[in-house]
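If you want the building blocks of each chain, they are given just below.
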Amino acid sequence: MAFQLLLNFFLAFLWMFLGGSFSASSFIIGFLLSMIVVFGMRRFLSGRFYMFRVIAIIKLTFMFIWELIKANFEVLAIVLKPKLDMKPGIFKYDTALKKDWEITLLSLLITLTPGTLVMDISDDNETLYIHALNIPDVKSAVSSIKEGFERAIMEVSR
(Lines give C-alpha, C1' and ligand atoms only; values in the text may rest on other atoms or scores of the structure.)
Protein backbone atom coordinates (compact mmCIF):
# COMPACT_ATOMS: atom_id res chain seq x y z
CA MET A 1 0.00 0.00 0.00
CA ALA A 2 2.75 2.46 0.91
CA PHE A 3 4.59 1.93 -2.37
CA GLN A 4 1.42 2.49 -4.39
CA LEU A 5 0.65 5.69 -2.49
CA LEU A 6 4.20 6.99 -2.95
CA LEU A 7 4.05 6.13 -6.64
CA ASN A 8 0.79 8.02 -6.93
CA PHE A 9 2.28 11.12 -5.26
CA PHE A 10 5.42 10.88 -7.42
CA LEU A 11 3.36 10.73 -10.61
CA ALA A 12 1.20 13.64 -9.42
CA PHE A 13 4.27 15.79 -8.77
CA LEU A 14 5.72 14.72 -12.11
CA TRP A 15 2.48 15.87 -13.75
CA MET A 16 2.83 19.24 -12.03
CA PHE A 17 6.47 19.69 -13.02
CA LEU A 18 5.99 18.63 -16.63
CA GLY A 19 2.95 20.89 -16.94
CA GLY A 20 4.78 23.83 -15.39
CA SER A 21 1.81 24.64 -13.18
CA PHE A 22 2.46 24.50 -9.45
CA SER A 23 -1.07 24.99 -8.18
CA ALA A 24 -3.30 22.85 -6.00
CA SER A 25 -5.69 22.19 -8.87
CA SER A 26 -2.83 20.92 -11.03
CA PHE A 27 -1.74 18.58 -8.23
CA ILE A 28 -5.28 17.27 -7.73
CA ILE A 29 -5.69 16.60 -11.46
CA GLY A 30 -2.29 14.88 -11.52
CA PHE A 31 -3.18 12.86 -8.44
CA LEU A 32 -6.45 11.65 -9.95
CA LEU A 33 -4.81 10.80 -13.28
CA SER A 34 -1.95 9.00 -11.56
CA MET A 35 -4.48 7.09 -9.45
CA ILE A 36 -5.93 5.75 -12.70
CA VAL A 37 -2.41 4.80 -13.83
CA VAL A 38 -1.65 3.01 -10.54
CA PHE A 39 -5.01 1.23 -10.78
CA GLY A 40 -4.08 0.08 -14.28
CA MET A 41 -0.72 -1.19 -13.02
CA ARG A 42 -2.18 -2.95 -9.96
CA ARG A 43 -1.47 -6.48 -11.17
CA PHE A 44 2.22 -5.63 -11.46
CA LEU A 45 2.33 -4.21 -7.93
CA SER A 46 2.17 -6.20 -4.71
CA GLY A 47 -1.01 -6.15 -2.67
CA ARG A 48 -4.41 -4.87 -3.57
CA PHE A 49 -5.10 -1.36 -4.84
CA TYR A 50 -4.51 1.06 -1.98
CA MET A 51 -7.71 3.06 -2.47
CA PHE A 52 -9.75 0.01 -1.44
CA ARG A 53 -8.01 0.12 1.95
CA VAL A 54 -8.49 3.89 2.23
CA ILE A 55 -12.21 3.47 1.54
CA ALA A 56 -12.36 0.68 4.16
CA ILE A 57 -10.69 2.98 6.73
CA ILE A 58 -13.20 5.74 5.98
CA LYS A 59 -16.04 3.23 6.26
CA LEU A 60 -14.72 2.00 9.64
CA THR A 61 -14.45 5.59 10.88
CA PHE A 62 -18.02 6.43 9.94
CA MET A 63 -19.24 3.12 11.40
CA PHE A 64 -17.56 3.97 14.71
CA ILE A 65 -19.04 7.48 14.73
CA TRP A 66 -22.51 6.05 14.07
CA GLU A 67 -22.14 3.42 16.82
CA LEU A 68 -20.84 6.12 19.17
CA ILE A 69 -23.89 8.30 18.57
CA LYS A 70 -26.29 5.36 19.00
CA ALA A 71 -24.60 4.21 22.21
CA ASN A 72 -24.65 7.72 23.67
CA PHE A 73 -28.41 7.91 23.16
CA GLU A 74 -28.89 4.44 24.64
CA VAL A 75 -26.88 5.34 27.75
CA LEU A 76 -28.74 8.64 28.01
CA ALA A 77 -32.07 6.79 27.89
CA ILE A 78 -30.90 4.41 30.64
CA VAL A 79 -29.72 7.25 32.86
CA LEU A 80 -32.82 9.40 32.42
CA LYS A 81 -35.30 6.64 33.21
CA PRO A 82 -36.87 7.05 36.64
CA LYS A 83 -36.57 3.32 37.27
CA LEU A 84 -33.24 1.68 36.45
CA ASP A 85 -34.24 -1.56 34.76
CA MET A 86 -30.94 -2.29 33.10
CA LYS A 87 -29.28 -5.66 32.90
CA PRO A 88 -25.48 -5.28 33.18
CA GLY A 89 -23.28 -8.23 32.44
CA ILE A 90 -19.95 -9.64 31.37
CA PHE A 91 -19.74 -11.80 28.29
CA LYS A 92 -17.05 -13.65 26.37
CA TYR A 93 -16.32 -12.68 22.79
CA ASP A 94 -14.24 -15.00 20.58
CA THR A 95 -12.54 -13.03 17.83
CA ALA A 96 -11.22 -14.17 14.49
CA LEU A 97 -8.63 -11.40 14.38
CA LYS A 98 -5.03 -12.59 14.59
CA LYS A 99 -2.68 -9.58 14.55
CA ASP A 100 -2.02 -7.67 17.74
CA TRP A 101 -2.91 -4.29 16.24
CA GLU A 102 -6.25 -5.65 14.99
CA ILE A 103 -7.18 -6.94 18.45
CA THR A 104 -6.03 -3.69 20.03
CA LEU A 105 -8.11 -1.66 17.59
CA LEU A 106 -11.18 -3.81 18.23
CA SER A 107 -10.68 -3.46 21.98
CA LEU A 108 -10.33 0.31 21.69
CA LEU A 109 -13.42 0.66 19.52
CA ILE A 110 -15.47 -1.40 21.96
CA THR A 111 -14.14 0.47 24.99
CA LEU A 112 -14.64 3.90 23.43
CA THR A 113 -18.28 3.10 22.73
CA PRO A 114 -20.28 4.20 25.79
CA GLY A 115 -21.81 1.39 27.81
CA THR A 116 -19.18 -1.23 26.94
CA LEU A 117 -15.71 -1.97 28.25
CA VAL A 118 -13.15 -4.62 27.36
CA MET A 119 -12.02 -5.93 30.72
CA ASP A 120 -9.46 -8.51 29.68
CA ILE A 121 -7.96 -10.30 26.70
CA SER A 122 -6.99 -13.95 27.01
CA ASP A 123 -3.37 -15.03 26.78
CA ASP A 124 -3.86 -16.57 23.34
CA ASN A 125 -5.44 -13.30 22.03
CA GLU A 126 -8.56 -15.10 20.86
CA THR A 127 -11.05 -14.14 23.58
CA LEU A 128 -12.15 -10.73 24.84
CA TYR A 129 -14.09 -10.35 28.08
CA ILE A 130 -16.50 -7.45 27.72
CA HIS A 131 -18.61 -5.68 30.32
CA ALA A 132 -21.81 -4.11 29.02
CA LEU A 133 -24.02 -1.64 30.88
CA ASN A 134 -27.21 -3.12 29.49
CA ILE A 135 -27.16 -6.48 27.74
CA PRO A 136 -30.54 -8.18 27.43
CA ASP A 137 -29.28 -10.61 24.75
CA VAL A 138 -25.66 -11.78 24.59
CA LYS A 139 -26.00 -13.38 21.15
CA SER A 140 -27.16 -10.14 19.55
CA ALA A 141 -24.27 -8.23 21.18
CA VAL A 142 -21.74 -10.76 19.91
CA SER A 143 -23.21 -10.76 16.41
CA SER A 144 -23.31 -6.95 16.26
CA ILE A 145 -19.60 -6.77 17.14
CA LYS A 146 -18.73 -9.57 14.71
CA GLU A 147 -20.77 -8.12 11.83
CA GLY A 148 -19.79 -4.53 12.62
CA PHE A 149 -16.37 -3.67 13.97
CA GLU A 150 -14.64 -7.00 13.36
CA ARG A 151 -15.72 -7.25 9.73
CA ALA A 152 -14.67 -3.63 9.09
CA ILE A 153 -11.27 -4.22 10.68
CA MET A 154 -10.78 -7.30 8.50
CA GLU A 155 -11.61 -5.21 5.39
CA VAL A 156 -8.93 -2.72 6.42
CA SER A 157 -6.24 -5.26 7.22
CA ARG A 158 -6.74 -7.91 4.54
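Look above for the structure.
Residues numbered from 1 in each chain as written. Predicted model: local features only at pLDDT ≥ 70, side-chain atom pairs only at ≥ 80, totals over all residues. Heavy atoms only, no water.

A.B. asks: Give a detailed account of the packing of aromatic side chains, specifying residues and quantitative values.
C.D. replies: With the rule as written, the count across this model stands at 9 aromatic pairs. By the ring-pair criterion, three or more aromatic residues cluster together here, those being Phe-9, Phe-13, Phe-27 and Phe-31. (Phe/Tyr/Trp six-rings, centres within 6.5 Å; stacked < 30°, edge-to-face > 60°.)

A.B. asks: Can you tell me about the environment of Ser-157, naming the residues and giving the values?
C.D. replies: Tracing the chain through its elements places Ser-157 in helix H5 (residues 138–157). Residue class for Ser-157 comes out buried when judged on its relative accessible area of 10%. Expressed as a C-alpha distance, the spacing of Ser-157 and Asn-125, which sit 32 residues apart in the sequence, is 17 Å. Residue contacts for Ser-157: discarding those within four places in its chain leaves Arg-53, Lys-99, Trp-101 and Glu-102. A distance of 2.5 Å separates the side chain of Ser-157 from the side chain of Glu-102, its partner in a polar contact. (Helix = DSSP H or I, 4+ residues; strand = E, 2+ residues; numbered from the N terminus. Buried < 20%, exposed > 50% of the residue type's maximum accessible area, 1.4 Å probe, protein only. Contact = heavy atoms within 4.5 Å. Polar contact = N/O pair within 3.5 Å; in protein donor to acceptor, adjacent residues only side chain to side chain.)

A.B. asks: Any details on the pairing of strand E3 (residues 127–132)? Residues and values, ideally.
C.D. replies: Across 6 bridges, strand E1 (residues 89–94) lies against E3 in antiparallel orientation. What sits directly across from Lys-92, in E3, is Tyr-129. Taken together, the 5 bridges between strand E2 (residues 116–121) and E3 define a ladder with antiparallel strand orientation. If you follow Ile-121 over to E3, its bridge partner there is Leu-128. Remark: 5 residues form the turn of the hairpin made by E2 and E3, two consecutive strands paired antiparallel; Asn-125 in that turn has positive phi of roughly 60 degrees. (Pairing = 2+ DSSP bridges.)

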